[in-house]
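Take a look at the letters that make up each chain.
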Amino acid sequence: VQLVGSGGGRVQTGDSLRLSCAVSGLTFKNYAWAWFRQAPGKERESVGAIRRAGTTFYTDSVKGRFTISRDNDKDTVYLQMNDLKPEDTALYYCAARMMIYSGNWMYPEGYDYWSQGTQVTVSS
């Protein structure tokens, strides 16, 4: 199983980025997908997730700015990030697990597969 993240970079406050996570080695449509992030010296935190049927969940700090989507034909999950802020600076990871619901999507220990980190740096 491979999850390959891409699309990170260095941007200014207020800019946008779209992260991608290309997946191989498993049946993409059978999984729920999530994005997490980890800033230096901090614990990994949830960003958002998307269920197999498309329902999404977001952490409060990104609601209205970030959007998760999935393309079951391309086996890819996306994180569109708008109005970026310096506090969004982190390594971003995508992750997969079979089932998520509103009470469990935010816990990283429940995910089976992880991408390598993709760096996002937002300067003021």
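These figures come from a predicted structure and were not determined experimentally.

Peer 1: Just give me the short version of the packing of aromatic side chains, but keep the residues and values in it.
Peer 2: Within the structure shown, the criterion is met by eight aromatic pairs. With centroids separated by 6.2 Å and ring planes inclined at 50°, the aromatic side chains of Y31 and W33 adopt a geometry described as tilted. An identical accessibility class is assigned to Y31 and W33; each is buried. Taken together, a centroid distance of 6.1 Å and an interplanar angle of 65° make the contact between Y111 and W114 edge-to-face. The rings of F28, Y31, W33 and Y113 are connected pair by pair, giving a single aromatic cluster. Here the guanidinium or amino end of R44 rests over the ring plane of Y93, the centre of that ring lying 3.9 Å away. Over the ring of Y111 we find R97; its NZ or CZ atom is 5.4 Å from the centre of that ring.

Peer 1: I'd like to hear about the pairing of strand β8 (residues 76-81), residue by residue, with values.
Peer 2: With respect to burial, β8 is a largely interior element, five of its six residues being buried. When strand β3 (residues 17-24) meets β8, the two strands line up antiparallel, connected through six bridges. Residue pairing for β8: C21 is matched across the bridge by V77. As paired strands, strand β7 (residues 66-71) and β8 are joined by six bridges and run antiparallel to one another. Residue pairing in the sheet places D71 in a bridge with T76 of β8. Between the end of β7 and the start of β8, which pair antiparallel, lie four residues, with D75 showing a positive phi angle near 55°.

Quick notes on the rules
- Residues numbered from 1 in each chain as written.
- Predicted model: local features only at pLDDT ≥ 70, side-chain atom pairs only at ≥ 80, totals over all residues.
- Heavy atoms only, no water.
- Phe/Tyr/Trp six-rings, centres within 6.5 Å; stacked < 30°, edge-to-face > 60°.
- Buried < 20%, exposed > 50% of the residue type's maximum accessible area, 1.4 Å probe, protein only.
- Lys NZ or Arg CZ within 6 Å of the ring centre and 35° of its normal.
- Helix = DSSP H or I, 4+ residues; strand = E, 2+ residues; numbered from the N terminus.
- Pairing = 2+ DSSP bridges.

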